Amino acid sequence: HDVFSRWFVNWEYSCVLWGKLVKRELYQKAYDSIPFIFCCYSDDILTWFFVSLYANSYTGINAPVINYVLDTGVSDKSDITDLKTWKIYCTKFTALTVIYDFIENNKKMFSKLEKNSLRALNTHGIEYISYLLTERVSKDLQKDAYRMLCEFCGKENVDRFVREF
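What counts as what
- Residues numbered from 1 in each chain as written.
- Predicted model: local features only at pLDDT ≥ 70, side-chain atom pairs only at ≥ 80, totals over all residues.
- Heavy atoms only, no water.
- Helix = DSSP H or I, 4+ residues; strand = E, 2+ residues; numbered from the N terminus.
- Buried < 20%, exposed > 50% of the residue type's maximum accessible area, 1.4 Å probe, protein only.
- Contact = heavy atoms within 4.5 Å.
- Axes fitted to C-alpha atoms, helices over the stretch in contact; angles between N-to-C directions.
- Parallel < 35°, antiparallel > 145°, perpendicular 65-115°, else oblique.
- Left-handed = near helix turned anticlockwise from the far one by under 90°.
- Nonpolar A, V, L, I, M, F, W, Y, C, P; charged D, E, K, R; others polar.
- Arc of directions from axis to C-beta.
- Salt bridge = Lys/Arg side-chain N within 4 Å of Asp/Glu carboxyl O.

Caption draft 1: Just the side chain of Thr94, in detail. Along the chain, the position of Thr94 falls in helix α5 (residues 92-105). On the basis of relative accessibility, which here comes to 16%, the residue Thr94 falls in the buried class. Filtering out sequence-adjacent residues up to four positions away, Thr94 remains in contact with Ile37, Phe38 and Phe152.

As structure tokens, then:
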């Protein structure tokens, strides 16, 4: 559980999967814990949640091993002009829901601090997606995008954060 807490609570290292050597059996165990879902965004958080939870140890290096270029793919900063693209962003909550459900079903496994870290992760996700909805989704799609977002993370949560923007 130490590997998990060092990531999930202390953020001592990143959850991105690039540049990490992970035993095949550990990946298999992690993927066995993930139900079949549609998820194109935050899939690394979902996968690393289970990998770090089941890992006995983790050793990282303080040297760059990949040059990731921001603003490409899902992380680009272009306007969102179709619902198919918007749905990809909404899948962040599919990943977070799997994590939330796992913690809820295994409450004794997690400390209060770890549960609070999940709340913070959810809050950050909702804040970010609310920003995208109000600033990057084209105006003619905003009503449909809002409805889709409510399906993913609940109308009350969406309304609370959209009001702040």
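So much for the structure itself; the text now carries on.
Caption draft 2: Inspection of the packing of helix α4 (residues 83-90) against helix α7 (residues 142-153) at higher detail. At a minimum axis separation of 10 Å, α4 and α7 run at an interaxial angle of 30°. Put simply, α4 runs roughly parallel to α7. Note that α4 runs across α7; the crossing there is right-handed. Of α7, the residues touching α4 (which contributes Leu83, Trp86, Lys87 and Cys90) are Asp144, Ala145, Met148, Leu149 and Phe152. Its residues assigned to classes, the contact of α4 with α7 comprises seven nonpolar, no polar and two charged.

Caption draft 3: Region of the structure containing helix α2 (residues 24-32). Turning to α2, its buried residues number three or more, namely Leu26, Tyr27 and Ala30. When α2 is viewed along its axis, its buried side chains cluster within an angular range of 100° and face the same direction. Projecting away from the buried face of α2 at angles above 90 degrees are the exposed residues Arg24, Glu25 and Asp32. Along its buried surface, α2 packs onto α3 (43-54).

Caption draft 4: Focus on the pattern of salt bridges. Here the structure, examined in full by the defined rule, presents four salt bridges. Among the salt bridges present, the one from Arg6 reaches Asp2, with a minimum N-O distance of 3.8 Å. Of this pair, Arg6 and Asp2 both sit in helix α1 (residues 2-8), four residues apart, which is roughly one turn of the helix. Across the pair Arg147 and Asp144 runs a salt bridge, and its minimum N-O distance is 2.4 Å. With Arg147 and Asp144 both in helix α7 and three residues apart, this pair spans about one turn of that helix. Residues joined in a network through salt bridges with shared partners are Asp2, Arg6 and Glu12.

Caption draft 5: Region of interest: the packing of α5 against helix α6 (residues 112-135). Running from amino to carboxyl end, α5 crosses α6 at an angle of 165°, the nearest separation of the two axes being 11 Å. If you check the angle between α5 and α6, you find them roughly antiparallel. Considering how the two elements wind past one another, α5 and α6 form a crossing that is left-handed. Across from Lys92, Phe93, Leu96, Ile99, Tyr100 and Ile103 in α5, the residues of α6 making contact are Lys115, Leu118, Leu121, Asn122, Gly125, Ile126 and Ile129.

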